[in-house]
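# Residue-level structural notes
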Amino acid sequence: MGREALVDGHGRRIGDVRVSVTDRCNFRCQYCMPAEGLPWLERSDVLSFEELTRIVRLLAEMGVGGVRLTGGEPLVRRDLPRLAAMVAALPGVEDLAITTNGFLLERDARALVDAGVRRFNVSIDSLQRDRFYELTRRDALPRVLAGLEALAAIPQAHPIKVNAVALRDFTEQEALPFAAFAREHPFEVRFIEVMPLDADRRWTPEQVLTGQELHDLIHAVHPLEPLERAPSSTARVYRFADGRGAGTIGFINPVSEPFCDDCNRLRLTADGKLRTCLFSVNETDLRTPLRDGTDDDGLVQIIRDAVWRKELKHRVNDPGFVQPPRSMSAIGG
């Protein structure tokens, strides 16, 4: 059944939801979690495939047609392709995507594509094995690249995006190697400014290597031309001006150039909390009403009430900004 569109109190129509399927991760990236990891949710606290699918179905009935499966690392959730197939089959789901660190991608790429996933984001912060290990605390680059290669061989999997978190005094050395990578492969390589979502709470504005700085580093060697930005897109995307690049370069600048004005996104955590902004300090519990027998109309009203209160902006650059209690791995990308 169709329902009235989901709109927030600022008039923004919601069209996209990030669904975290687990808080667990097989990496320990320095900008996300401590070397020893974090306490994981109890299995009983994590939403089942059926519960996740029910929430996505209700959102799709309200016009939320974009769904992205995230974690933690989503591929550590057992039998994830089955969930992907359940979500892909829902009326109103127009675009099913996944964000992964790629470690298990060689194993699951074909099954995910067959299940209906059509867009993939693969996180790779360095193309040098030792530097990859330094940042992720895992000697996994060859395995990640093998997974990326397996995915790229599947025609239905394209477009593929490669995400690199931009850190000052680290990513400057990665800019040109990644640009060369994008010239050789049909990927959109995207640099994402580091955000205050680390479990260690050591983030400072000085750590942020801005998208503009990275653009200038690449542009000086490989001139770039901007592509038109789609509404609600998080990235500013460029092609190579000489026309010789197989891929493109993107910059996601949530700190230096916030894109909150046309934000159309929600997030659902693995334990069933609805978040209306990545930096929300408040959440809406959906797991309890799900398990207490609340009917669809009741759940829809809870969602509408939460979305109506969606933040106008994230306030990272405002005095007195408060980092959310959850780290990125516990929120879901």
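Note that the coordinates shown come from a computational prediction; the quantities given were computed from them, not determined experimentally.

## Observations concerning the sheet that holds strand β1 (residues 16-20)
One key point about sheets: their strands pair by backbone hydrogen bonds, in either a parallel or an antiparallel sense. Here we have 12 strands laid out as an open sheet, ordered β7-β8-β9-β6-β5-β4-β3-β2-β1-β10-β11-β12, and mixed in their pairing. Only two strands of the sheet have a single partner each, and these edge strands are β7 (224-226) and β12 (284-285). Across three bridges, the pairing between strand β8 (residues 236-240) and strand β9 (residues 248-252) is antiparallel. From the neighbouring strand, V237 faces β9, where its bridge partner is G250. Across the sheet, helix α3 (residues 105-115) is in contact with β3 (95-100) and β4 (119-123); its angle to β4 comes to roughly 165°. Across the sheet, helix α7 (residues 211-219) lies against β5 (160-166), β6 (187-193), β7, β8 and β9, angled at about 160° from β9, the strand it touches most.

## Here we look at the UniProt feature "binding site: GTP" (unreviewed entry) in the protein
Summarizing the sequence annotation, UniProt attributes the feature "binding site: GTP" (unreviewed entry) to R18, R68, T99, K161, R265, L266 and R267 in the numbering used throughout. Inspection of the secondary structure assignment puts R18 in strand β1. We classify R18 as buried; its relative accessible area is 13%. Here R18 is in contact with R68, T70, R265, L266, R267, L268 and G333, once residues within four sequence places are set aside.

About the cut-offs
Residues numbered from 1 in each chain as written. Predicted model: local features only at pLDDT ≥ 70, side-chain atom pairs only at ≥ 80, totals over all residues. Heavy atoms only, no water. Pairing = 2+ DSSP bridges. Helix = DSSP H or I, 4+ residues; strand = E, 2+ residues; numbered from the N terminus. Contact = heavy atoms within 4.5 Å. Axes fitted to C-alpha atoms, helices over the stretch in contact; angles between N-to-C directions. UniProt positions renumbered as here; feature names shortened; annotations may be inferred. Buried < 20%, exposed > 50% of the residue type's maximum accessible area, 1.4 Å probe, protein only.

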